[in-house]
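# Descriptive structure summary
Each chain, letter by letter, is given below.
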Amino acid sequence: MRKIAVAMAKGGVGKTTTAVNLAHGLASHGYRVLLVDCDTQGQVSKFLGVKPRFGLYEFITERGDNGEHISKNEAIHQSRQNLWLLSGGIRLVELKNWLGEQPRDVRQTLLGNELVPKKGSLDYQIFDCAPGWDVLSVNILMAANEVLCPVALQGPSLEGLKTFFRYLQSAQKLNPDLRLKYVLPTMFDRRTRQSYEILRQLQKYFGRQICDPIHFNVRLSEAPAHGQTIFEYRRHATGAHDYDKLIRRIINDGIQ
């Protein structure tokens, strides 16, 4: 099973768009995927048009609002064929507090220890990470073994990348198996010189990790309002074509 964290220190770079479309794309190819929303905003559920009753908080703590026992199976919501969701949202604030109260020697690895599926039941775990660095972020990078880092081709994007590298290096001291596997340029706008300049810099520094860019595409921003992935909303849109290429690359890497 491959465990991929979609992570970046800066917000607004397309992390949730990437995590949701990657997870659904892999599921559409017949792979069994668990998508884990690790952000207090809980956007993944909205992107998929679902309203799970429980989520990641209940999965880890096994308790509900009133302290009642919640089983792990109850917390996992099937959102599409082959695609299951552990939703995020505001209750993750409580989860961070709960993790902080756990013994020091286990608090950073609780998430990974709990997310061990039955053998052969899953092919991928995809984590949609929040920007920033806290006990939940550390848990995600302890649970994952690959990182996919979206980088918007606009504004001070490389500064966010430098900050994220510091986070990643700290995590790798605790999880030596963790690798920066993919750098995904997003919001590529052919009309602006800046997009080409930042893309060239990324290509210079990340030869093997760099992916084909995700072009700026209004359909990608419209799809979540309909509770659909880009493949459901506009299958032939530029955004769908771009994410298809990313999905094929990830699948082929797994086969090789």
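Right above here is the structure, for reference.
Note that the structure is predicted; figures quoted are calculated from it, not measured.

## Concerning the pairing of strand E4 (residues 83–86)
Where strand E2 (residues 33–38) lies against E4, four bridges are found, and the strand directions are parallel. Each residue of the ladder has a partner; that of Leu 35, found in E4, is Leu 85. Across three bridges, strand E3 (residues 77–80) lies against E4 in antiparallel orientation. Note that in E4 the partner of Gln 78 across the bridge is Trp 84. Taking the residues that link successive antiparallel strands as the turn, the E3-E4 hairpin has two residues, and the phi of Asn 82 there is positive, at about 70°.

## Digging into the packing of helix H1 (residues 15–28) against helix H12 (residues 238–255)
Put simply, H1 and H12 touch, their axes get as near as 10 Å, and they point 60° apart. Judged by the twist between their axes, the crossing of H1 over H12 is right-handed. Contact with H1, carried on its side by Thr 17, Thr 18, Asn 21, Leu 22, Gly 25 and Leu 26, involves Tyr 243, Leu 246, Ile 247, Ile 250 and Ile 251 of H12 and no other residues of that element. Its residues assigned to classes, the contact of H1 with H12 shows seven nonpolar, four polar and no charged.

## Brief notes about the nonpolar core
Core analysis: the biggest nonpolar cluster contains 52 residues, and Leu 56, Leu 95, Phe 127 and Leu 202 have the highest contact counts within it. The dominant element in this core, judged by the number of residues it contributes, is helix H7 (residues 135–143), at seven residues. Residue contacts for Leu 56: discarding those within four places in its chain leaves Val 36, Asp 37, Cys 38, Leu 86, Ser 87, Leu 92, Leu 95 and Leu 111. Counting residues in each nonpolar core, the second largest holds 33 residues, with Val 20, Val 33, Val 44 and Ile 230 among its members.

## Quick notes on the state of the cysteines
Counted according to the given criterion, the structure contains zero disulfides. Cysteine Cys 129 is unpaired, with the sulfur of Cys 38 as its nearest cysteine sulfur at 5.4 Å. Distance from the sulfur of Cys 211, which forms no disulfide, to the nearest cysteine sulfur (Cys 149) is 10 Å. Classification of Cys 211 by relative accessible area gives buried; the value is 5%.

## A short note on the side chain of Asn 217
Position of Asn 217 among the secondary structure elements: in the loop between helix H9 (193–205) and helix H10 (218–222). Residue Asn 217 is classed as buried on the basis of its relative accessible area, which comes to 14%.

## A short note on helix H5 (residues 91–100)
If you check which residues of H5 are buried, you get Arg 91, Leu 92, Leu 95, Trp 98 and Leu 99. One side of H5 holds all its buried residues, which, seen down the axis, span an arc of 105°. For H5, the elements touching its buried residues are E2, helix H3 (56–61), helix H6 (110–114) and H7.

Cut-offs used in this document
- Residues numbered from 1 in each chain as written.
- Predicted model: local features only at pLDDT ≥ 70, side-chain atom pairs only at ≥ 80, totals over all residues.
- Heavy atoms only, no water.
- Pairing = 2+ DSSP bridges.
- Helix = DSSP H or I, 4+ residues; strand = E, 2+ residues; numbered from the N terminus.
- Axes fitted to C-alpha atoms, helices over the stretch in contact; angles between N-to-C directions.
- Left-handed = near helix turned anticlockwise from the far one by under 90°.
- Contact = heavy atoms within 4.5 Å.
- Nonpolar A, V, L, I, M, F, W, Y, C, P; charged D, E, K, R; others polar.
- Core = buried A, V, L, I, M, F, W, Y, C linked by side-chain atoms within 4.5 Å.
- Buried < 20%, exposed > 50% of the residue type's maximum accessible area, 1.4 Å probe, protein only.
- Disulfide = S-S within 2.5 Å.
- Arc of directions from axis to C-beta.

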